[in-house]
Structure formats: structure tokens, C-alpha cells
Amino acid sequence: MFHKNVLTSLGSISPQQIPASNPQPTNRIALVPPGGEAPPHKKPSPLLDLIAIAAPRCSSFFAEAAVLVLVLALLDRFMLKGRMELNWVISAFAISFALLVASIVTDFSSRRWLQRH
């Protein structure tokens, strides 16, 4: 369906309306630092790409692990024993909280590190 609309819309354009394949060069203003030389161009680093891709995924992994540890640990303990002990509940919450903190720290530190580099 879409290709029919494209063909009909292209058929209604006259050759004078199509822009030339070699556009005229435009004048651009470039800012030059006080020393007069052009700023050096930074090469993109594979390490930056890796961190940019991996950091949000690691953060999400820690957050999901926090929820799964809490739910599955409490469910497993309840199914096996039939009752909850205070020490078990506290340790499950502590592990889940530690994973949640790791998620937040990973996300925050990766964003700040990427902004600086």
C-alpha cells in the first residue's frame, strides 16, 4: 500500500522541483579557540562505545536481579518451611537492597563518566 502512495506522489513532482544532485557549498561559521588553531578531533574510542552499550544493560540486570532475589527467596523459604523467620527476611531484603543500590550506582556513574569523556 505504501509503495503505491510513494509512486503517485513521486509522479506528481515535476523535474524542476527536484533539487540538484550537486548542491552549492554553504558558508559556515566555525568557532576557533583563542590560540588560533583548530581544535583537535577526537577519535571515537571502542571503550566508550562498549561502556555506552553495556552500562544501561548492567544497570537493568542489577535491578531485575534485586526483584528476583527478593521474590524468589521469600517464596522459596515460605514454600519449604511454611513460615518466615526474621533473619531470613532481613537477609533477603538486604541482598535485594544491595543489588538495587548496585543498579543505581552503575547507571549514575556510567552516565557521569560518559558525559566527561
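If you're wondering where the values come from, they're calculated on a predicted model, not measured in any experiment.

Chemist: Before we move on, can you summarise the side chain of Ser59 with the specific residues and values?
Modeler: Along the chain, Ser59 turns up in helix α2 (residues 46–81). The buried category is assigned to Ser59, whose relative accessible area is 8%. Dropping the residues within four chain positions of it, Ser59 is found in contact with Ser103, Thr106 and Asp107.

Chemist: For helix α3 (residues 86–116), give the residues involved together with the corresponding values.
Modeler: Given a rise of 1.5 Å per residue, 31 residues ought to cover 45 Å, and the 45 Å separating the end C-alpha atoms of α3 matches this to within 8%. Residues of α3 that are buried include every one of Ala92, Ser96, Leu99, Ser103 and Ser110, and no others. The secondary structure elements touched by the buried residues of α3 are α2.

Chemist: Would you mind going over the UniProt feature "transmembrane region" (unreviewed entry) in the protein chain in detail, with residue names and values included?
Modeler: As recorded in UniProt, the feature "transmembrane region" (unreviewed entry) lies at residues 50–74 and 86–105. The straight-line gap between the two end C-alpha atoms of residues 50–74 is 36 Å; of that span, 100% is helix and 0% is strand.

Chemist: For the pattern of salt bridges, give the residues involved together with the corresponding values.
Modeler: Overall, the coordinates contain 1 salt bridge when judged by the stated rule. Here Asp107 ties to Arg111 by a salt bridge, and the two come within 3.4 Å at their closest N and O atoms. On the criterion of helical spacing, the pair formed by Asp107 and Arg111 is a turn pair, its members being 4 residues apart in helix α3. Of the residues examined, Asp107 reaches a relative accessible area of 23% and is grouped as partly exposed.

Chemist: Account for α2, naming residues and giving values.
Modeler: Compared with the 52 Å implied by 1.5 Å per residue over 36 residues, the 50 Å span of α2 between its first and last C-alpha is a close match. Along its length, α2 shows its largest kink, about 30°, at Ala54, and proline Pro56 lies within four residues downstream of that point. Listed in full, the buried residues belonging to α2 are Ala55, Ser59, Ala65, Ala66, Ala73, Leu74 and Arg77. Positive phi appears at Gly82, one or two residues downstream of α2, with a value of about 85°.

Chemist: Can you break down a nonpolar patch on the surface residue by residue, with the values?
Modeler: On the surface, Val67, Leu68, Val71, Leu72, Leu75, Phe78, Met79, Met84 and Trp88 cluster together into a nonpolar patch covering about 870 Å² of accessible area. A total of 7 residues in the nonpolar patch trace back to one element, the largest contributor, which is α2. Within the secondary structure, Phe78 is located in helix α2. Overall, Phe78 belongs to the partly exposed group, its relative accessible area being 44%.

Chemist: If you had to explain the environment of Ser109 to someone new, which residues and values would you point to?
Modeler: Take Ser109: it is sitting in helix α3. Residue Ser109 is classed as partly exposed on the basis of its relative accessible area, which comes to 39%. Distance from Ser109 to Ala55, taken between C-alpha atoms, is 9.0 Å for residues 54 residues apart in sequence. Side-chain polar atoms of Ser109 contact the backbone oxygen of Thr106, separated by 3.4 Å.

Chemist: Before we move on, could you go through the packing of α2 against α3 and cite the residues and values that matter?
Modeler: Two quantities define a packed helix pair, namely the angle between the helix axes and the distance between the axes. For the pair α2 and α3, interaxial distance at closest approach is 9 Å and the crossing angle is 170°. Relative to α3, the element α2 lies roughly antiparallel. The residue makeup of the contact of α2 with α3, split by class, is 25 nonpolar, 5 polar and 2 charged.

What counts and what doesn't
Residues numbered from 1 in each chain as written. Predicted model: local features only at pLDDT ≥ 70, side-chain atom pairs only at ≥ 80, totals over all residues. Heavy atoms only, no water. Helix = DSSP H or I, 4+ residues; strand = E, 2+ residues; numbered from the N terminus. Buried < 20%, exposed > 50% of the residue type's maximum accessible area, 1.4 Å probe, protein only. Contact = heavy atoms within 4.5 Å. Expected span 1.5 Å × (residues − 1). UniProt positions renumbered as here; feature names shortened; annotations may be inferred. Salt bridge = Lys/Arg side-chain N within 4 Å of Asp/Glu carboxyl O. Bend = angle between axes of the 7 residues up to and from the residue. Patch = residues over 30% accessible without salt bridge, like charges linked within 9 Å, V, L, I, M, F, W, Y side chains within 5 Å. Areas by Shrake-Rupley, 256 points an atom, 1.4 Å probe, with all protein chains shown as cover. Polar contact = N/O pair within 3.5 Å; in protein donor to acceptor, adjacent residues only side chain to side chain. Axes fitted to C-alpha atoms, helices over the stretch in contact; angles between N-to-C directions. Parallel < 35°, antiparallel > 145°, perpendicular 65-115°, else oblique. Nonpolar A, V, L, I, M, F, W, Y, C, P; charged D, E, K, R; others polar.

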